[in-house]
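Structural features, examined
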Amino acid sequence: MKNQPENLNETEIPALHTIIRPCPFCGGDAELILRGNTFTKKRNAEIRCGNCNVEMVVGAIRNSLDWCAKTVIAKWNKRVGEHCI
Ligand SMILES: [Zn+2]
């Protein structure tokens, strides 16, 4: 089991905000919210529409916050009829 140091600083995940698509329901701006805690090891990444408040959450204990963020963005950005990025 690897024991890598982990940086949960939100600013360490660059430019992710720019690739989040608008809300599929209302077209509103969606924002990425990261919650992480080095003590509990529990973390999740959430995308929420600032307009209609729909949200999508990916949580993990074993995976990094970075993984959560990438996963939730990939899921959020996926649209019917398109291939996953
Ligand atoms: Zn919306």
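See the structure printed just above.
Residue positions are given per chain, counted from 1 along the sequence in the order it is written. Predicted model: local features are reported for residues with pLDDT of at least 70 only, side-chain atom pairs are reported and counted for 80 or more only, and whole-chain, interface and lining totals are derived from all residues.

With that settled, the discussion passes to the pairing of strand S1 (residues 30-36). Any two strands with at least two DSSP-identified bridges between them are counted as paired. Comment: elements are numbered from the N terminus, with helices defined as DSSP H or I runs of at least four residues and strands as E runs of at least two. In the sheet, S1 pairs with strand S2 (residues 43-49) via seven bridges, with the strands oriented antiparallel. If you follow Leu32 over to S2, its bridge partner there is Ile47. Linkage of S1 to S2, two consecutive antiparallel strands, is achieved through a turn of six residues, within which Lys41 is found at a positive phi near 65 degrees.

In this section: the nonpolar core. Ala30, Ala45, Ile47, Cys49, Val58, Leu65, Cys68, Ala69, Val72, Ile73 and Trp76 form the largest nonpolar core, which has 11 residues in total. Broken down by secondary-structure element, the contributors of at least two residues to this core are S2 and helix H1 (65-77). Top contributing element to this core by residue count: H1, with six residues. Think of a nonpolar core as buried Ala, Val, Leu, Ile, Met, Phe, Trp, Tyr and Cys residues, each tied to the set through C-beta atoms within 7 Å. Three classes are used. A residue is buried when 20 or more other C-beta atoms lie within 10 Å of its own, exposed when 12 or fewer do, and partly exposed in between, with C-beta atoms placed from the backbone.

In the Ramachandran plot, Asn53 falls in the positive-phi region, its phi being about 70 degrees despite a non-glycine side chain. With respect to the helices and strands, the residue Asn53 is situated in the loop between S2 and strand S3 (55-60). For Asn53, a count of 10 C-beta atoms within 10 Å puts it in the exposed group.

Time to look at the sheet that holds S1. Pairing is antiparallel across the open sheet formed by three strands, whose spatial order is S1-S2-S3. Looking at strand neighbours, the two that pair on one side only are S1 and S3, the edges of this open sheet. On average, each strand axis in the sheet is tilted by 15 degrees relative to the strand beside it, whichever way the strands run. For S2 and S3, the ladder comprises six bridges, and the chain directions are antiparallel. By the bridge assignment for S3, Glu46 is matched with Val57. With axes taken as lines fitted to C-alpha atoms, and helix axes fitted only over the stretch in contact, angles between N-to-C directions fall between 0 and 180 degrees.

One turn of an α-helix holds 3.6 residues; hence residues three or four places apart share an orientation. Between its terminal C-alpha atoms H1 stretches 18 Å, which fits the 18 Å expected from 13 residues at 1.5 Å a residue. Where H1 is concerned, the buried positions are Leu65, Cys68, Ala69, Val72, Ile73 and Trp76. Looking down the long axis of H1, one finds its buried residues gathered within 125 degrees of arc, a one-sided arrangement. Looking at the buried positions of H1, the neighbouring elements they touch are S1, S2 and S3. By definition here, a helix of n residues has an expected span of 1.5 Å times n minus one. Working note: the arc is built from the helix axis to C-beta atom directions. Contact between two residues is assigned whenever their backbone-derived C-beta positions fall within 7 Å.

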